[in-house]
Amino acid sequence: MSTLTTSPLAPLLQDLFAEADASATRMRAELATIPADVAFYTRAKDFPLAVSPETGALLYMLARSTGARTIVEFGTSFGISTLHLAAALRDNGGGRLITSEFEPSKVARARANIDAGGLADLVEIREGDALQTLAHDLPGTIDLVLLDGAKGLYPAILSLLESRLRPGALIAADNADWSPEYLARVRSATHGYLSVPFAEDVELSMRLG
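Let me sum up the structure you'll find in this document. Treat the numbers as computed from the prediction; the structure is a model and nothing was measured.

Turning our attention to the overall build of the protein. If you tally the helices and strands in the protein, you get eight helices and seven strands. Put simply, the protein has 209 residues, and 54% of those count as buried. Summarising the internal contacts of the protein: among those between residues at least 6 apart in sequence, 71% fall at separations of at least 24. Accessible area of the protein: about 9300 Å², with a carbon and sulfur share of 56%.

Printed below as a string of structure tokens:
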């Protein structure tokens, strides 16, 4: 048994993924021509922008298998990925997940979902520009990072967190192919990373010692 596969979280995630699927066609039609920058995420404030169920399960497994206790997430949206990561923390025996979201309406929705999932004690949502919210009061060491906000900010967010990444820390970046600068950085061993494209839409990187 795990937090991810039992009530209250399992049925909540089932409903959230169904909602995301139902809105996907309308979202593609409305946002197809907008670049994936901050303006895109403002226009997408009413859409879940959810990870896939497979990516959610991957995030849970990565956090569980590494025994993660400190996780930082860039881009909370409705909190679907946050729920998977927090479930792993619960099953790892506890920890702290700091997540940042720019859109107030999404922060409210994410808080409600995290409360409903019984995981609020593990999650701190920071509202506002992640370049500011993630620039202070971070754990001394970070075990796992999820990048799933504005793709153009991936390099800058990584720079904010880099000095706190423990050797072997993992960074999962969703749709990182939209950020060539980020990919060039994590795919170069001279920058201290080992990185591979993983699954259909994730770049998985490890911080070297």
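Right, picking up where we left off after that structure.
Before going further, it helps to examine the packing of aromatic side chains. What the rule picks out here adds up to two aromatic pairs. Each ring, one from F74 and one from Y154, has its centre 6.2 Å from the other, and the planes form 80°; the classification is edge-to-face. You can see F74 sitting in strand β1 (residues 70-74) and its partner Y154 sitting in helix α7 (residues 154-161), a full 80 residues away along the chain. Residue class for F74 comes out buried when judged on its relative accessible area of 7%.

So, on to the sheet that holds β1. The strand order β3-β2-β1-β4-β5-β7-β6 describes an open sheet built from seven strands, whose pairing is mixed. Two strands lie at the open edges of the sheet, namely β3 (123-127) and β6 (193-198), each paired on one side alone. With strand direction ignored, the average angle separating the axes of adjacent strands in the sheet is 15°. Of the strands in this sheet, β2 (96-101) and β3 touch helix α5 (residues 104-116), which is tilted by about 170° from β3.

Right, let's talk about the packing of helix α3 (residues 53-65) against helix α4 (residues 80-91) for a bit. Where α3 meets α4, the closest approach of the two axes is 8 Å, and the angle between their N-to-C directions is 30°. Regarding the angle of α3 to α4, the classification is roughly parallel. In this structure, α3 meets α4 at a crossing whose hand is right-handed. Across the interface between the two elements, G56, A57, L59, Y60, A63 and R64 of α3 pack against S81, H84, L85, A87, A88 and D91 of α4.

With that settled, the discussion passes to the pairing of strand β4 (residues 142-147). Counting buried positions along β4 yields six of six residues, so the element is predominantly enclosed. As paired strands, β1 and β4 are joined by four bridges and run parallel to one another. Across the sheet, residue V72 finds its bridge partner in β4, namely V145. With respect to chirality, the unit in which β4 leads through α7 into the neighbouring parallel strand β5 (residues 165-174) is right-handed.

Relative to the helices and strands, S188 is located in the loop between α8 (180-186) and β6. On the accessibility criterion, S188 (18% relative accessible area) is buried. Here the side chain of S188 touches T190 through a polar contact of 2.6 Å, side chain to side chain.

Grouped together as the largest cluster of nonpolar side chains are 35 residues, with contacts concentrated most on L9, I71, L83 and L85. Broken down by secondary-structure element, the contributors of at least two residues to this core are α1 (9-31), α3, α4, α5, β3, β4, β5 and β7 (202-207). A per-element tally of this core places α4 first, with seven residues. With residues up to four places along the chain from it excluded, the contact list for L83 reads L9, L12, L13, L16, N113, I114 and L119.

For the structure shown, the criterion picks out nine salt bridges. Linking R207 and E162 is a salt bridge whose minimum nitrogen-to-oxygen distance equals 3.8 Å. One end of the pair, R207, is in strand β7; the other, E162, is in the loop between α7 and β5, and 45 residues separate them in sequence. Both residues of the pair, R207 and E162, belong to the buried class. Across the salt bridge formed by R187 and E203, the nearest N and O atoms sit 2.8 Å from each other. Within this pair, whereas R187 is found in the loop between α8 and β6, its partner E203 is found in strand β7, the two being separated by 16 residues in sequence. You can call E203 buried: its relative accessible area is 3%. One network of salt bridges, in which partners are shared, links R96, E124 and R126.

Procedures and definitions
- Residues numbered from 1 in each chain as written.
- Predicted model: local features only at pLDDT ≥ 70, side-chain atom pairs only at ≥ 80, totals over all residues.
- Heavy atoms only, no water.
- Helix = DSSP H or I, 4+ residues; strand = E, 2+ residues; numbered from the N terminus.
- Buried < 20%, exposed > 50% of the residue type's maximum accessible area, 1.4 Å probe, protein only.
- Contact = heavy atoms within 4.5 Å.
- Areas by Shrake-Rupley, 256 points an atom, 1.4 Å probe, with all protein chains shown as cover.
- Phe/Tyr/Trp six-rings, centres within 6.5 Å; stacked < 30°, edge-to-face > 60°.
- Pairing = 2+ DSSP bridges.
- Axes fitted to C-alpha atoms, helices over the stretch in contact; angles between N-to-C directions.
- Parallel < 35°, antiparallel > 145°, perpendicular 65-115°, else oblique.
- Left-handed = near helix turned anticlockwise from the far one by under 90°.
- Right-handed = clockwise from strand over helix to strand, strands pointing away.
- Polar contact = N/O pair within 3.5 Å; in protein donor to acceptor, adjacent residues only side chain to side chain.
- Core = buried A, V, L, I, M, F, W, Y, C linked by side-chain atoms within 4.5 Å.
- Salt bridge = Lys/Arg side-chain N within 4 Å of Asp/Glu carboxyl O.

Nothing here speaks to function; it is geometry throughout.
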